[in-house]
Amino acid sequence: MRDVQLEWLAAEVMVGLPSDEARAAVRDLCAEVAACSERWPAPGGEEAADVFGSRCWVSIAAYADGLEVRDVGWCVSTDSGPSG
């Protein structure tokens, strides 16, 4: 696997995620993307790409030695179910 570094904003978001499950899902997505270079944007850090998991996403930039995770997100359902 290549080097994956969290940019400061992504690191702050990771700390603020609602659960260990959320942090694990983001880490798993980062590992998956790091192992799959065809999903990367052009190297050099000029371009970014958003990669989506089932409940999370990461915004990445590629460099010769690996990836920089610039931002992460977590989907939280606000649906409380059927009302009635």
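What you see is a predicted model, and the numbers here were worked out from it, not measured in a lab. Sequence order as written defines residue numbering, which begins from 1 separately in each chain. Totals for whole chains, interfaces and linings use every residue, but because this is a predicted model, local features are given only for residues with pLDDT of at least 70 and side-chain atom pairs only at 80 or more, for both listing and counting. Only hydrogens and water are removed before side-chain values are computed, so all heavy atoms of the structure are retained for them.

S.K.: I tried to follow the overall build of the protein chain on my own but got confused; where do I start?
M.R.: Helix numbers and strand numbers start at the N terminus; a helix is a DSSP run of H or I with at least 4 residues, a strand a run of E with at least 2. A count of helical and extended segments in the protein chain gives 2 helices and 4 strands. The helix and strand sequence of the protein chain, counted from the amino end, reads β-α-α-β-β-β. Throughout, exposure labels follow a simple rule: accessible area from a 1.4 Å probe, protein chains only, divided by the maximum for the residue type, with under 20% read as buried, over 50% as exposed, and the rest as partly exposed. When burial is assessed residue by residue, the protein chain has 33% of its 84 residues classed as buried. Counting every atom, the protein chain has about 5300 Å² of accessible surface; 51% of that belongs to carbon and sulfur. To be clear on the numbers: accessible area is Shrake-Rupley with a 1.4 Å probe, and residue cover counts the displayed protein chains and nothing else.

S.K.: Help me understand the sheet that holds strand S1 (residues 3–6) in this model?
M.R.: Adjacent strands of a sheet pair through backbone hydrogen bonds, lying either parallel or antiparallel. Pairing between strands is defined by DSSP: at least two bridges between them are needed. Spatially, the 4 strands line up as an open sheet ordered S1-S4-S3-S2, and their pairing is mixed. A strand with exactly one partner marks an edge of an open sheet, and here the two such strands are S1 and strand S2 (49–52). Averaged over neighbouring strand pairs, the angle between their axes works out to 35° when direction is ignored. Pairing of S1 with strand S4 (residues 66–74) involves 4 bridges; the strand directions are parallel. Of the residues in S4, the one forming a bridge with glutamine 5 is glutamate 68. Here, two residues are considered to be in contact whenever any of their heavy atoms come within 4.5 Å of each other. Only the contacting stretch of a helix is used when fitting its axis, a line to C-alpha atoms as for every element, and angles between N-to-C directions run 0 to 180 degrees. Most of the contacts of helix H1 (residues 8–16) go to S4, to which it runs at about 40°, and overall it touches S1 and S4. Helix H2 (residues 20–34) rests against S1, S2, strand S3 (56–63) and S4 of the sheet, and its axis sits at about 35° to S3.

S.K.: Sorry if this is basic, but what is going on with the side chain of serine 59 here?
M.R.: Summarising the element assignment, serine 59 is placed in strand S3. Residue serine 59 is classed as buried on the basis of its relative accessible area, which comes to 12%. N or O atoms closer than or at 3.5 Å make up a polar contact, with two conditions inside protein: a donor-capable atom paired with an acceptor-capable one, and, for residues adjacent in sequence, both atoms drawn from side chains. A polar atom in the side chain of serine 59 sits 3.1 Å from the side chain of aspartate 50. Those residues within four positions of serine 59 in sequence are excluded, and the remaining contacts are Ala48, Ala49, Asp50, Glu68, Val69, Arg70 and Asp71.

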